[in-house]
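Chain and residue survey
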Amino acid sequence: MNLRRDGGRPLVVAHRGASAEAPENSRAAFEAAVAAGADLVELDVTHGLVVSHDAGAPGLHLFQVLELLAPHSIGIHVDLKQPGDEPAVLDALDRYGLRGRAILSTAFPRVARMLSSLAPDVPRAIGYPRDRVGVARFSWPSAVTRPGAAALRAVVPARIPVLLARTRATVLALHHTLCSPASVAAAHRRDVPVFAWTANDPELILRLASFGVDAVVSDDPKRALATLNAP
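Now for a look at the structure at hand. Being a predicted model, the structure only gives us computed values, none of them experimental. The residue numbering used here restarts from 1 in each chain and proceeds along that chain's sequence as written. Under the rules for a predicted model, residues below a pLDDT of 70 receive no local features and side-chain atom pairs below 80 are neither given nor counted, while totals for whole chains, interfaces and linings still include all residues. Computation of side-chain values covers all heavy atoms of the structure but excludes hydrogens and water.

**Details of the nonpolar core**
Buried together is how nonpolar side chains tend to be arranged in soluble globular proteins. Residues grouped as a nonpolar core are buried Ala, Val, Leu, Ile, Met, Phe, Trp, Tyr and Cys residues, joined through side-chain atoms within 4.5 Å. Relative accessibility decides the category of a residue: with a 1.4 Å probe and only protein chains considered, values under 20% of the type maximum give buried, values over 50% give exposed, and everything between is partly exposed. Within the largest apolar cluster, 33 residues are counted, with the highest numbers of intra-cluster contacts made by Phe30, Leu43, Leu62, Leu69, Val78, Val89 and Leu104. Each helix is a run of DSSP H or I of at least 4 residues and each strand a run of E of at least 2, with the numbering of both proceeding from the N terminus. Contributing elements (two or more residues each) for this core: α1 (27-36), β2 (40-45), α2 (62-69), β5 (75-80), α3 (86-95), β6 (102-106) and α4 (109-118). Counting residues per element, this core draws most heavily on α2, which supplies five residues. Two residues qualify as a contact provided that any one of their heavy atoms is within 4.5 Å of a heavy atom in the partner residue. Setting aside residues no more than four positions away along its own chain, Leu104 makes contact with Val78, Leu80, Val89, Leu90, Leu93, Leu115, Val122, Pro123, Arg124 and Ala125. Residues Ala169, Ala186, Val194 and Val213 belong to the second largest nonpolar core, which totals 29 residues.

**Considering the side chain of Ser52**
Along the chain, the position of Ser52 falls in the loop between β3 (50-51) and β4 (60-61). Judged by relative accessible area, Ser52 falls into the buried class, the value being 7%. Counting of polar contacts relies on pairs of N or O atoms within 3.5 Å, with two restrictions inside protein: one atom must be capable of donating a hydrogen and the other of accepting it, and residues adjacent in sequence are counted only when both atoms are side-chain atoms. One polar contact links the side chain of Ser52 to the main-chain carbonyl oxygen of Asp54, over a distance of 3.2 Å. Among residues more than four places away in sequence, those in contact with Ser52 are Asn25, Asp44, Val45, Thr46, Ala57, Pro58 and Lys81.

**Remarks on the sheet that holds strand β10 (residues 215-218)**
Strand pairing requires that DSSP identify at least two bridges connecting the strands. Around the barrel, which closes on itself, the eight strands sit in the order β1-β2-β5-β6-β7-β8-β9-β10 with parallel pairing between neighbours. Between one strand axis and the next, the sheet turns through 25° on average, direction left out of account. In terms of strand pairing, strand β1 (residues 11-14) meets β10 through four bridges, oriented parallel. Residue pairing in the sheet places Ala14 in a bridge with Ser218 of β10. All axes here are fitted lines through C-alpha atoms, helices being fitted over the stretch that makes contact, and every angle between N-to-C directions spans 0 to 180 degrees. Against the sheet, α2 engages β2 and β5, with an angle of about 170° to β2.

**Considerations on the packing of α2 against α3**
The relative placement of two packed helices comes down to the angle between their axes together with the axis-to-axis distance. With their axes 10 Å apart at the nearest point, α2 and α3 run at an angle of 35° to one another. As for the relative orientation of α2 and α3, their crossing is right-handed in sense. Facing α2, whose interface residues are Leu62, Phe63 and Leu66, α3 presents Val89, Ala92, Leu93 and Arg95. A per-class count over the contact of α2 with α3 returns six nonpolar, no polar and one charged. Helix crossings fall into two classes, left-handed where the near helix is turned counterclockwise from the far one by less than a right angle and right-handed where it is turned clockwise. Gly is placed with the polar residues, together with every amino acid not listed as nonpolar (Ala, Val, Leu, Ile, Met, Phe, Trp, Tyr, Cys and Pro) or charged (Asp, Glu, Lys and Arg).

**Focus: unusual backbone geometry**
For the peptide bond that leads from Tyr128 to Pro129, omega is 0°, which places it in the cis range. If you trace the backbone, Pro129 turns up in the loop between β7 (124-128) and α5 (142-167). Residue Trp197 is joined to Thr198 through a cis peptide bond whose omega torsion reads -20°. With respect to the helices, strands and loops of the structure, Thr198 is situated in the loop between β9 (194-197) and α7 (202-211). Backbone geometry places Leu49, a non-glycine residue, at a positive phi of 60°. If you trace the backbone, Leu49 turns up in the loop between β2 and β3.

**Regarding helix α6 (residues 181-188)**
Within α6, the full set of buried residues consists of Ser183, Val184, Ala186 and Ala187. Angular distribution of buried residues about the axis of α6 spans 160°; they occupy a single face of the element. Within this analysis, the arc is defined by the directions that extend from the helix axis to the C-beta atoms.

**Observations regarding α4**
Pro109, Val111, Ala112, Leu115 and Ser116 are the residues of α4 that are buried. Buried residues of α4, seen end-on, are gathered within an arc of 160° and therefore sit on one face of the element. Those residues of α4 that are exposed and angled more than 90 degrees off the buried face are Arg110 and Ser117.

**Focus on the environment of Ser117**
Assignment of secondary structure puts Ser117 in helix α4. Exposure remark for Ser117: the relative accessible area of 53% places this residue in the exposed category.

**Notes on the pairing of β9**
Alternating residues of β9 divide into Val194 and Ala196 and Phe195 and Trp197, and every residue in both groups is buried. Sheet topology places strand β8 (residues 171-175) next to β9; four bridges connect them, and they run parallel. Among the inter-strand pairings, Ala173 is bridged to a residue of β9, identified as Phe195. A right-handed crossover is one whose linking path, passing over the helix from the first strand to the second, runs clockwise when the strands point away from the viewer. For the crossover from β8 across α6 to β9, the handedness is right-handed. In the sheet, β9 pairs with β10 via two bridges, with the strands oriented parallel. Pairing of Phe195 across the sheet is with Ala215, part of β10. The parallel pair β9 and β10, bridged by α7, forms a crossover whose chirality is right-handed.

In C-alpha cells form, the structure reads like this:
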C-alpha cells in the first residue's frame, strides 16, 4: 500500500469509522466511512479482537468488521490498543485476504517492534504522543496547553529519528498539535509517511495539508474530503 502523498491531496482516514455521523467503531460508522469515499477506515482493537477503544467495553468482533469492509476497496487501519493481540490481528487480516490493504498502528513501542518482526510487509505506524494523555479524546484547552504544545512541537523533529529507530515503524502518526513542516520533513527524509490525527475543522485540515502530511485522520471523512477537494 502506497501511503506517501505524491503531489495530490492527503489521504483521508475515517477515525473509528465516520464517527461524526454514527457511534464510533460501530457498523453504521464503518458503513458511513465507505459511503463517504474515505481512503482508509481506522478501527480500534482490544483483547479478544473486540473493536472498541477501551478494553472491556462492548463492541463488534474484528471478524465482523473485516467481513463488512472486505468487499470494498477502502484501506483498513487497525490500531492495536494493548500488547498481546499482534498474531491474532494478523491472522484475522489473512482470513479475509486483507493484509495487502492494511496498515497497523500502536502507541506502544514494543508492539511496533513485534509487528515489525511478525509482519515486515505491512505498514506499521507509531502513534505519538501516547493516547493515555488524553489527546485523542478531547481538544486541549488552548489557554492551558498552547505554550506546552508549542514547546513540544519545536522538539518533535529531533525526536522523530530516535522514535522511528526505537520502534522500527514505517509510518508516523502525530497528533495535529505536534505537526509542523519541520516534523513532516524529518519523517520524509527517512521515507516515512506522516498521518495527522484527529482533524475535523476545515481550516485545520487545510493547514495540515499545507505542512505536507500524507494523511489526515478525521471523524468526518465526508467533510474532510470536501475540504481537500474544493477548488
